[in-house]
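Tertiary structure, described
In case you want the letters, here they are:
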Amino acid sequence: QVQLVESGGGLVQAGGSLRLSCAASGSIFSINNVAWYRQAPGKQRELVARIISGDSTNYADSVKGRFTISRDNAKNTVYLQMNSLKPEDTAVYYCNVQGLTRIARRSFDSWGQGIQVTVSS
């Protein structure tokens, strides 16, 4: 079992910044792909940013140049630095981590519980 705990969300004014963190714990042998998704009220969950195959990053067009995804392998933690926030960034943000467990090297695909980000105009 791999658990993810997200932190860093909250209320911020437009133009402000927040940094989300996602700490993974449990039986982890390796972490391969990490990503942040978000879901606004009445909308489908969408990919915000991801790191795949170790160091290749992808961003949604709507956040390019404003958001930065990063990871600290030693801490098994993923970050999402969000700058120049806009009201349309308001959503519940979810962390997703894929990797292998320590026991039996089984693949895992874990999700965080979600954290609210609200940007006021």
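Scroll up to find the structure.
Residues numbered from 1 in each chain as written. Predicted model: local features only at pLDDT ≥ 70, side-chain atom pairs only at ≥ 80, totals over all residues. Heavy atoms only, no water.

**Things to note about the pattern of salt bridges**
A full pass over the atoms with the stated rule returns 4 salt bridges. A salt bridge links D89 to R38, with the nearest nitrogen and oxygen atoms 2.9 Å apart. Linking D89 in the loop between β8 (77–82) and β9 (91–101) with R38 in strand β4 (residues 28–39), this pair joins segments that are 51 residues apart in sequence. Its relative accessible area of 6% is what places R38 among the buried residues. Among the salt bridges present, the one from K64 reaches D61, with a minimum N-O distance of 3.1 Å. What you see here is one network of salt bridges that share partners, running through R38, E46, R66 and D89. (Salt bridge = Lys/Arg side-chain N within 4 Å of Asp/Glu carboxyl O. Helix = DSSP H or I, 4+ residues; strand = E, 2+ residues; numbered from the N terminus. Buried < 20%, exposed > 50% of the residue type's maximum accessible area, 1.4 Å probe, protein only.)

**So, the pairing of strand β1 (residues 2–7)**
Residue alternation in β1 divides its side chains into a buried set, V2, L4 and E6, and an unburied set, Q3, V5 and S7. With 6 bridges joining them, β1 and strand β3 (residues 18–26) adopt antiparallel strand pairing. Bridge assignment links L4 to a residue of β3, and that residue is A24. (Pairing = 2+ DSSP bridges.)

**Side note on the nonpolar core**
A general tendency of soluble globular proteins is for nonpolar side chains to be buried together. Ranked by internal contacts, the top residues of the largest apolar core, which has 31 residues, are W36, L80, M82, Y93 and V97. With sequence-adjacent residues up to four places away left out, V97 is seen in contact with L4, C22, I31, N33, V34, V78, F108, D109 and S110. (Core = buried A, V, L, I, M, F, W, Y, C linked by side-chain atoms within 4.5 Å. Contact = heavy atoms within 4.5 Å.)

**Observations concerning the environment of A14**
Its place among the elements puts A14 in the loop between β2 (10–13) and β3. Look at A14 and you get partly exposed, because its relative accessible area is 41%. With 66 residues separating them in the primary sequence, A14 and L80 have C-alpha atoms 17 Å apart. Apart from residues no more than four positions distant in its own chain, A14 is found in contact with L85, P87, V119, S120 and S121.

**Notes on the packing of aromatic side chains**
Evaluated as defined, the whole model comprises 1 aromatic pair. Ring geometry for Y37 against W111: centres 5.0 Å apart, planes inclined by 50 degrees, an arrangement best described as tilted. Here Y37 is found in strand β4, whereas its partner W111 is found in strand β10 (residues 107–111), with 74 residues between them in sequence. With a relative accessible area of 37%, W111 lands in the partly exposed category. Looking at R45, its charged tip hangs above the ring of Y94, at a distance of 3.8 Å from the centre. Lying over the aromatic face of F29, R105 brings its terminal NZ or CZ to 3.6 Å of the ring centre. (Phe/Tyr/Trp six-rings, centres within 6.5 Å; stacked < 30°, edge-to-face > 60°. Lys NZ or Arg CZ within 6 Å of the ring centre and 35° of its normal.)

Function cannot be read off these values alone, since they describe shape.
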